[in-house]
Amino acid sequence: MEHSEPNKMHPVEAGPSASIFEKEDPITGLSFVAWFFSQTQKDPSIYPLERSTITFFNVMSFKTINQRFSYQGGNKYLCKFRDELQKLFEGEKVLRAGADHLVVISLNLSVEEIALRIKLLNKAMSTYEGGLRNQIKAGIYIADGTPQQPIVMMDRASLACREVHGFFNREYAVFNDELRNKYEQKQYVLEHFDEAFEKGYFKVYYQPIYRALNKKVCGYEALARWIDPNRGMISPLIFIEVLEKVHLIHKLDAYIIDQVCKDLRNDIDSGYAYQPISVNLSRLDFELSDIKKVVDNAVAKYNVPKEYIVLEVTESAFASDLSNLGEVISAFRADGYQVWIDDFGSGYSSFNNLQTYDFDFLKIDMNFLRNFDKTPKSKVIIASIVDLAKKLGIHTLAEGVETLEQYEYLKQIGCELIQGYYFSKPLPIEDFHTRRTDLCDFTTNETPKERLYYDGIGRLNFLENTPLRERKLEIASEIPIAIIEGENRKYRFIFVNSAFKDIINLFGAGTPNEVLEQLYKHGPSDLPSKRYAALLYSERHHKTIEFHENFGNVKLLSRARFLSRMDNKVAYAFVIKLL
Ligand code: C2E
Ligand code: CA
Ligand code: CA
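Cut-offs used in this document
Position labels on residues start from 1 in each chain and follow its written sequence. Chains and ligands are labelled by the order in which they are written, letters from A for the one and numbers from 1 for the other. Reporting in this predicted model follows two pLDDT cut-offs: at least 70 for local features of residues, and 80 or more for side-chain atom pairs to be given and counted; totals over whole chains, interfaces and linings ignore these cut-offs and use all residues. Values shown for side chains rest on all heavy atoms present in the structure; no hydrogens or waters enter the calculation. Whether a residue is buried, partly exposed or exposed follows from its accessible area with a 1.4 Å probe, protein chains only, as a fraction of its type maximum: under 20%, in between, or over 50%, in that order. The numbering of helices and of strands both runs from the N terminus, where a helix is a DSSP run of H or I of at least 4 residues and a strand a run of E of at least 2. A pair of strands counts as paired when DSSP detects no fewer than two bridges linking them. Counted as donors are the N, O and S atoms within 2.8 Å of the metal, or 3.2 Å for Na, K and Ca, while water is not among the atoms, so some sites may look incomplete. Under this scheme, a helix contributes an axis fitted over its contacting stretch, all axes are lines through C-alpha atoms, and angles between N-to-C directions fall in the 0 to 180 degree range. Contact between two residues is taken to exist if any of their heavy atoms lie within 4.5 Å; hydrogens are not considered. Ring geometry is summarised as follows: Phe, Tyr and Trp rings, the Trp one being its six-membered ring, pair when their centres sit within 6.5 Å, and such pairs are stacked at plane angles under 30 degrees, edge-to-face over 60 and tilted between the two. Consider the ring centre and the ring normal. A charge sits over the ring if Lys NZ or Arg CZ is within 6 Å of that centre and within 35 degrees of that normal. The hand of a helix crossing depends on one turn: near helix anticlockwise from the far one by less than a right angle means left-handed, and clockwise means right-handed. In this classification, Asp, Glu, Lys and Arg are treated as charged, Ala, Val, Leu, Ile, Met, Phe, Trp, Tyr, Cys and Pro as nonpolar, and every other residue, Gly included, as polar. Working rule for helices: expected span equals 1.5 Å times residues minus one. What we call the bend at a residue is the angle made by axes fitted to the seven residues finishing there and the seven residues starting there.

**As for the pairing of strand E10 (residues 309-314)**
Summarising burial for E10: five of the six residues are buried, a large majority. Both strand E9 (residues 277-281) and E10 contribute to a ladder of five bridges, which runs parallel. Counterpart to Asn 280 in the pairing with E10 is Glu 312. Across five bridges, the pairing between E10 and strand E11 (residues 338-344) is parallel. When the sheet's bridge partners are listed, Leu 311 is paired in E11 with Val 339.

Printed below as a string of structure tokens:
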């Protein structure tokens, strides 16, 4: 919902097409909220708006419903939506606010009572066949008893609604002081960023990055801060979004890149131990500027080594890759810069990105760590990401590490780099300088030689059962593994891996199944596997059976374990080892 239309609020003559200032919406038959507000402004005694609660409803992806079921289908959906609201909020005002927005203005309903109705609404709408299981989100504004512009009240309800748009598990939000603050801050940013640029209020803070294995500093991430003389520090979480919206983010990022190269040059010149520095790029940097040129120019201006500049690109940047993002990333890497993927696992297309683009490092989204203590699943997910990254030859970093326990876990699973409050918050560069006792302190800082050394070590995958195998982007295990299926005492391989094939080949030409058949037909009658096959066949427990067999000079140790049974069919896993 854009907040512009109700601003132009004034009653208009009824024309041939419906206007939101008319009394009645031809589709739902409901009164338009703008019309209702104009009435209350004419005569406040008709409704005590100052004591009311406004609940603003928004249908998620209503467009899809229209596309799928045509406009008639969309209109039908709205009518069903209206019916449900009128049932659930009987006696309250149900109004239309244009597009896919309906509004309930109520008296005497608590937030809990409204929340329950929102839940019931979604339940009812989710079974409606013309609804594609769409979610309906809501924002609630509770008037504080003083007369206010109705449009401001509506705006706040809609703003609260927008807070939950991206969250599948949240149906509603209430406009509160925090939201008011955020909204107000964004407004401030919008009105003052020109001045902030001019007066140099933007500053770079650096957060150190540590090597998990030795706890030495091996990099920094540059994070933008707005130090405002009136308001103190303004978070990038507030201003980045605004700067992106008004298409000025590339200006800030160019400034940050320039500062980073300047600081790096200073450190090199003054003999400090220096490390690669990461800068965050916005998707829009690729669209609004020639970002490669911006970085190249800064690097040339301060004559800093390209290997010491890292470009962090968030996963979400790839979501709508209409630009030449992929090409630019390749160009950066070909030139010797590092490119890292940021917030990995936060979006919809994480795996797609790994398939399409090449990265040096993968930064695991810190939300997995936020759930570290809440669910053991988060540990499994983090470990799987590390495992996957190593198989693809990408290094891993975990950010947002806040506790010793998290750090220990990450080290255990072979995550190479760590960043987070547990080690250090982002700080202005001066703090690092005053902190240092020795200019080039290599007891706390990694040397370039150490970096290469640990990069090599970091490739080892602790989570794999064949950690020593040379990595060639192959996924097969080095252990000979097979799955045998037995049916009425007849056996055949339904899966063999390449290591298993190699061993089977020792027994002569032919497919594994041919070899198996030969063995059973002509092999000695006291062949242990014949005996064990019978045992396994009747085995219902998931127990591992181990047996030795000699075929001429070849000595084999076999292990078999029951996997599954279906009628007369039994499947077991089979692992062999040459002795
Ligand atoms: P990000 O790139 O994911 O940066 C990490 C954020 O996590 C930073 O927030 C950092 O201060 C915070 N953080 C670090 N350690 C911890 C921890 O242990 N616990 C918690 N809870 N948080 C931790 P910050 O500095 O507020 O930056 C927020 C976001 O703003 C960044 O997320 C990045 O996406 C964006 N950003 C920051 N600076 C720039 C910039 O210069 N350009 C662009 N385009 N985006 C930037
Ligand atoms: Ca980042
Ligand atoms: Ca991040």
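Now that the structure has been shown, we can carry on.
**Section: the coordination of the calcium ion (ligand 3)**
Note on the calcium ion (ligand 3): its protein donors are Asp 342 (OD), Asp 343 (OD) and Glu 399 (OE). The metal-donor distances range over 2.0 to 2.4 Å. Site description for the calcium ion (ligand 3): donor spacing in sequence, D-D-x55-E.

**Side note on the sheet that holds strand E18 (residues 544-551)**
Strand order in the open sheet made by the five strands is E17-E16-E20-E19-E18, with antiparallel pairing throughout. Both edges of this open sheet fall to strand E17 (490-496) and E18, since each of them pairs with a single strand only. On average, each strand axis in the sheet is inclined to that of its neighbour by 30°, with strand direction left out of account. Pairing of strand E16 (residues 481-487) with strand E20 (residues 569-578), which is carried by seven bridges, proceeds in the antiparallel orientation. Bridging across to E20, Ile 484 finds its partner in Tyr 572. Packed on one face of the sheet, helix H18 (residues 512-522) meets E17 and E18 and runs near 155° to E17.

**Notes on the pairing of strand E1 (residues 53-59)**
E1 sits mainly inside the fold: seven of its seven residues count as buried. With burial as the criterion, each face of E1 is covered, one bearing Thr 53, Thr 55, Phe 57 and Val 59 and the other bearing Ile 54, Phe 56 and Asn 58. Where E1 lies against strand E4 (residues 136-142), seven bridges are found, and the strand directions are antiparallel. Residue Asn 58 lies in a different strand from E4, and its bridge partner there is Lys 137.

**Here's the deal with the coordination of the calcium ion (ligand 2)**
At 2.1 to 2.3 Å from the calcium ion (ligand 2) lie its protein donor atoms, namely Glu 221 (OE), Asn 280 (OD1), Glu 312 (OE) and Asp 342 (OD). Between consecutive donor residues of the calcium ion (ligand 2), the sequence gaps follow E-x58-N-x31-E-x29-D. The metal-metal distance between the calcium ion (ligand 2) and the calcium ion (ligand 3) is 4.0 Å, with Asp 342 coordinating both. A residue pair is termed long-range when its members are at least 10 positions apart, and Asn 280 in strand E9 and Asp 342 in strand E11 qualify at 62 residues. Residue Asn 280 is classed as partly exposed on the basis of its relative accessible area of 24%.

**What to know about the packing of aromatic side chains**
In the structure shown here, the tally under the stated rule is 30 aromatic pairs. Measuring from ring centre to ring centre gives 5.9 Å for Phe 344 and Phe 351, while their planes differ by 80°; the resulting arrangement is edge-to-face. For Phe 344, a relative accessible area of 1% gives the class buried. One aromatic cluster is present, formed by Tyr 188, Phe 197, Phe 202, Trp 226 and Phe 239 through successive ring pairs. Residue placement shows Lys 379 over the ring face of Phe 372; its charged tip is 4.7 Å from the ring centre.

**Description of the packing of helix H2 (residues 62-88) against helix H3 (residues 111-126)**
For any two helices packed against each other, one specifies the inter-axial angle together with the distance between the axes. Between H2 and H3, the least distance of the axes is 10 Å, while the angle of their chain directions is 145°. For the crossing formed where H2 meets H3, the hand is right-handed. Residues Tyr 77, Lys 80, Phe 81, Glu 84, Leu 85 and Leu 88 of H2 pack against Arg 117, Leu 120, Leu 121, Ala 124 and Met 125 of H3. Per-class residue counts for the contact of H2 with H3 are eight nonpolar, no polar and three charged.

**Describing H2**
Every α-helical turn comprises 3.6 residues, leaving residues that sit three or four positions apart pointing alike. With 27 residues, H2 extends just 21 Å between its outermost C-alpha atoms, more than 12% less than the 39 Å of an ideal straight helix rising 1.5 Å per residue. When the local axis directions of H2 are compared, the greatest deviation, roughly 125°, occurs at Phe 69.

In short, shape yes, function no, at least from these values alone.
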